[in-house]
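# Remarks on the overall topology
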Amino acid sequence: MTAKTLGRNLDILDKYHKYADMAELRVDCLDPDERLLIRRFPEQAGMPVILTIRRDSDGGHFVGGEGARISLMARGLAYAETDRRHNFAYLDIEEDLNVTSLEEAARTFGTRIIRSYHNIKGTDADLPVKIRSMRRSGDEIVKVSVTANSTEDVINLLRAGKECEEQEKILISMGHLGIYSRILSEQFGSFLSYCSAISEPDTPPAAPGQIEVRELASLYRFRNITKATKVYGVTGYPLKATDSPHFFNTVFDMEESNAVYVPFPADSITDFMEIAKELNIEGISVTVPYKEAVIPFLDFQSDEVRTIGACNTLTLTPQGWLGTNTDTKGFSDSLLTFLGRSNFKRQHITVIGAGGAARAVAFELHRLGAKVLILNRTVHKARRLAAPYKFAWGGLDEQGIEKMDKYRDIIIQTTSAGMEGINPDNSSSDPAAMYNFCGREEVMDLVYKPKITAFLKRASNAGCNIQNGYDMLIRQARYQYTQFTGKEFPEHFFSRVQFGET
Ligand code: ATR
């Protein structure tokens, strides 16, 4: 609870009551006058409340001296009532704060101590030692909240938690790279997870990386996650916005399976594969920039992966990691459905781009009998991609564009040129600006954000049928579902399971 007044915190608590099991009152976020009135908050909140007064050096807002902070804590505990629900259930005391009288008072009144340590700059090296030594008496809960500057930092916290399995504790990797430590609390050995009512304008997250309370409770079904829950997820970097958790968790929820799908931003694929082992992850979607880098970690792979050199799906089997690529089928299903065809025989097709996405497209076009021209800004990459399939190739220049005359039944744009956030000035967002559509081409752009790229807009204005990459995205995710679970995708859910934004 990070609002400025107790009344506002109570309103927010009322609104989100059903998603939370306890509340943490961040007294340091309250207006100074309000801080004097905290004593009745637990009774008004109607659920167990943690009393926390976080210093600015630990990432909080309290800038007064330690004396003032201790007397506020004492005020929160004072006049304990026999009905314990009216007292604070927990008191957060930093490991370096030594006030025996406060601890004694807390114990006497049944308020449990959370003994906390924060590192807002990084992750300490000797975490198991730290976790073991922080606790002053057996009934304290140790809280270690450290900042993840790398995926290796998260591994260290996770392993430290395993080493101290017997101890009641809360382990948090703060920041974006540690976001999954807040969802997989069970797997990290944590007693609880903190979240925020971020959607309310006046309650900022209490620490970097915190998840919105409804999202944690409803999308990730946090309360259902146990050590027996099957863990799946998506890895990539920076992986700031991904719609895949929404897709998979909605399906898991509808079919009531004990499974969760989590975002795993990782700054190193090598370190992420260690995380996968530690967390017993059973299936992984792989996205930018690791589709190629993940291949050395595979124990075996599908023909597509071998030919294309890119893998977007990892499934744990008894023989190890199986690598497959669902972009291929996702693409061809989507385009064939759009065209109402069953193959590409006698179709003359131009593919714009020669990167990872184009490799999946070329594989499928070849498999399904198309005649193809590949055009790329960097010409030698077009030649390299075209050679094994005996496709035509060229640059995205006048000469290359002229070649399109013979390959324009279908045009497929595979580059990232028109993607949101890639070209803020929009100057080079149309990679084939020199090409004039005649209006009879069928045009697909693999980009789905924005829904209509500059390239698609031009095609549409010329009278072409157009399709973006959203349908392909869903179709490849359905294949991933089958790969992960061994089950057919439950089609009857399909109309209800969409990615976040269509
Ligand atoms: P992906 O996996 O999304 O295909 P990639 O493998 O990095 O990503 O490939 C990016 C593709 O987009 C390449 O074909 C790239 O062209 P170059 O090989 O010349 O780099 C193409 N691309 C990216 N930005 C582009 C732009 N502004 N205009 C034209 N092509 C562009």
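The structure contained in this document is the topic of the report that follows. (Residues numbered from 1 in each chain as written. Predicted model: local features only at pLDDT ≥ 70, side-chain atom pairs only at ≥ 80, totals over all residues. Heavy atoms only, no water.)

Next up on the list: the sheet that holds strand β14 (residues 371–376). Sheet architecture is open: six strands sit in the order β15-β14-β13-β16-β17-β18, paired in parallel fashion. Two strands close off the open sheet at either side, each with one partner strand: β15 (392–395) and β18 (465–467). Mean inter-strand twist for the sheet, computed between neighbouring axes without regard to direction, equals 15 degrees. Strand direction decides the pairing type here: strand β13 (residues 348–352) and strand β16 (residues 410–413), joined by four bridges, are parallel. Paired with T350 across the two strands is I411, which belongs to β16. Docked against the sheet, helix α16 (residues 454–461) engages β13, β16, β17 (442–445) and β18, running at close to 165 degrees with respect to β17. (Pairing = 2+ DSSP bridges. Helix = DSSP H or I, 4+ residues; strand = E, 2+ residues; numbered from the N terminus. Axes fitted to C-alpha atoms, helices over the stretch in contact; angles between N-to-C directions. Contact = heavy atoms within 4.5 Å.)

Residues of helix α4 (residues 100–108) that are buried: L102, E103 and A106. Taken end-on, α4 shows its buried residues confined to a sector of 95 degrees, consistent with a single buried face. Among the exposed residues of α4, those pointing more than 90 degrees away from its buried face are T100, S101 and T108. Along its buried surface, α4 packs onto α3 (66–77), β3 (90–94) and β4 (112–119). Looking one or two residues beyond α4, the residue adopting positive phi is G110, at roughly 80 degrees. (Buried < 20%, exposed > 50% of the residue type's maximum accessible area, 1.4 Å probe, protein only. Arc of directions from axis to C-beta.)

A few words now on the sheet that holds β4. The six strands lie next to each other as β1-β2-β3-β4-β5-β6, forming an open sheet whose pairing is parallel. Looking at which strands have only one partner, the edges of the open sheet turn out to be β1 (23–26) and β6 (169–174). Between one strand axis and the next, the sheet turns by 25 degrees as a mean value, whatever way the strands run. By the bridge criterion, four bridges tie β1 to strand β2 (residues 49–52) in an arrangement that is parallel. By the bridge assignment for β2, A23 is matched with V49.

Counting across every chain of the model gives 16 aromatic pairs. Considering the side-chain rings of F248 and Y261, the 4.3 Å spacing of their centres and the 10 degrees angle between planes classify their relative orientation as stacked. Here F248 is found in helix α9 (residues 244–254), whereas its partner Y261 is found in strand β8 (residues 259–265), with 13 residues between them in sequence. Owing to a relative accessible area of 0%, F248 belongs among the buried residues under this scheme. With a centroid separation of 5.8 Å and an interplanar angle of 45 degrees, the aromatic rings of F248 and F484 are classed as tilted. Within this pair, whereas F248 is found in helix α9, its partner F484 is found in helix α17 (residues 470–485), the two being separated by 236 residues in sequence. Pair check on accessibility: F248 and F484 agree, each one buried. Through pairs of rings, three or more aromatic residues link up here, namely Y232, F247, F248, F252, Y261, Y481, F484 and F489. The aromatic ring of Y117 is capped on one face by K130, whose charged end is 4.1 Å from the ring centroid. (Phe/Tyr/Trp six-rings, centres within 6.5 Å; stacked < 30°, edge-to-face > 60°. Lys NZ or Arg CZ within 6 Å of the ring centre and 35° of its normal.)

Let's shift gears to the packing of helix α5 (residues 127–134) against helix α6 (residues 151–163). Where α5 meets α6, the closest approach of the two axes is 8 Å, and the angle between their N-to-C directions is 50 degrees. Viewed along their axes, α5 and α6 adopt a mutual orientation that is oblique. Of the two elements, α5 crosses α6, and the hand of that crossing is right-handed. Counting all contacts with α5, which are made through L127, P128, I131 and R132, the residues of α6 involved are N156, L157, A160 and E163. Here the contact of α5 with α6 is composed, by residue class, of five nonpolar, one polar and two charged. (Parallel < 35°, antiparallel > 145°, perpendicular 65-115°, else oblique. Left-handed = near helix turned anticlockwise from the far one by under 90°. Nonpolar A, V, L, I, M, F, W, Y, C, P; charged D, E, K, R; others polar.)

Let us look at the site of the ligand. Around the ligand lies a shell of 14 residues, among which G356, A357, N376, R377 and T378 are the nearest. The backbone of A354 places a nitrogen or oxygen atom 3.0 Å from an oxygen atom of the ligand. Within the backbone of A357, an N or O atom sits 2.9 Å from an oxygen atom of the ligand. If the ligand stood free it would expose 640 Å²; the protein chains cover 72% of that surface. When grouped by side-chain class, the residues that make up the shell around the ligand number four nonpolar, eight polar and two charged. (Near = heavy atom within 4 Å. Polar contact = N/O pair within 3.5 Å; in protein donor to acceptor, adjacent residues only side chain to side chain. Areas by Shrake-Rupley, 256 points an atom, 1.4 Å probe, with all protein chains shown as cover.)

In this section: the pattern of salt bridges. Within the structure shown, the criterion is met by 41 salt bridges. E103 is the partner of R115 in a salt bridge, and the nearest nitrogen-oxygen pair spans 3.2 Å. In this pair, R115 sits in strand β4 while E103 sits in helix α4, placing the two residues twelve residues apart along the sequence. Here E168 ties to R112 by a salt bridge, and the two come within 2.7 Å at their closest N and O atoms. On the criterion of sequence distance, the pair formed by E168 in the loop between α6 and β6 and R112 in strand β4 is long-range, its members being 56 residues apart. By relative accessible area, E168 is classed as partly exposed at 30%. In the salt-bridge network here, residues are joined through shared partners; they are R54, R55, D58, E66, R69, D92, E94 and D96. (Salt bridge = Lys/Arg side-chain N within 4 Å of Asp/Glu carboxyl O.)

It is worth spelling out helix α12 (residues 327–339) at this point. Helix length check: α12, at 13 residues, gives a terminal C-alpha distance of 18 Å against a target of 18 Å (1.5 Å per residue), a fit within 8%. By the burial criterion, the buried members of α12 are D327, T328, G330, F331, S332, S334, L335, L336 and L339. At its buried positions, α12 is contacted by α11 (303–308), α13 (356–367), β16, β17, β18 and α17. Downstream of α12 by one or two residues, G340 has phi in the positive range, about 70 degrees. (Expected span 1.5 Å × (residues − 1).)

Examined against the element boundaries, D124 turns out to sit in the loop between β4 and α5. Here D124 sits buried without a salt bridge, and the closest side chain of opposite charge, K130, lies 5.2 Å off (N-O distance). Side-chain polar atoms of D124 contact the side chain of Y117, separated by 2.6 Å. Reaching out from D124, the side chain makes a polar contact with the side chain of N119 at a distance of 3.2 Å. (Lys, Arg positive; Asp, Glu negative; His and termini not counted.)

The buried count for β4 comes to seven of eight residues, which makes it a mostly enclosed element. As judged from the five bridges shared by β3 and β4, these two strands associate in the parallel manner. Opposite E94, over in β4, you have S116 as the bridge partner. Once you follow β3 into α4 and on to β4, the crossover reads as right-handed. (Right-handed = clockwise from strand over helix to strand, strands pointing away.)

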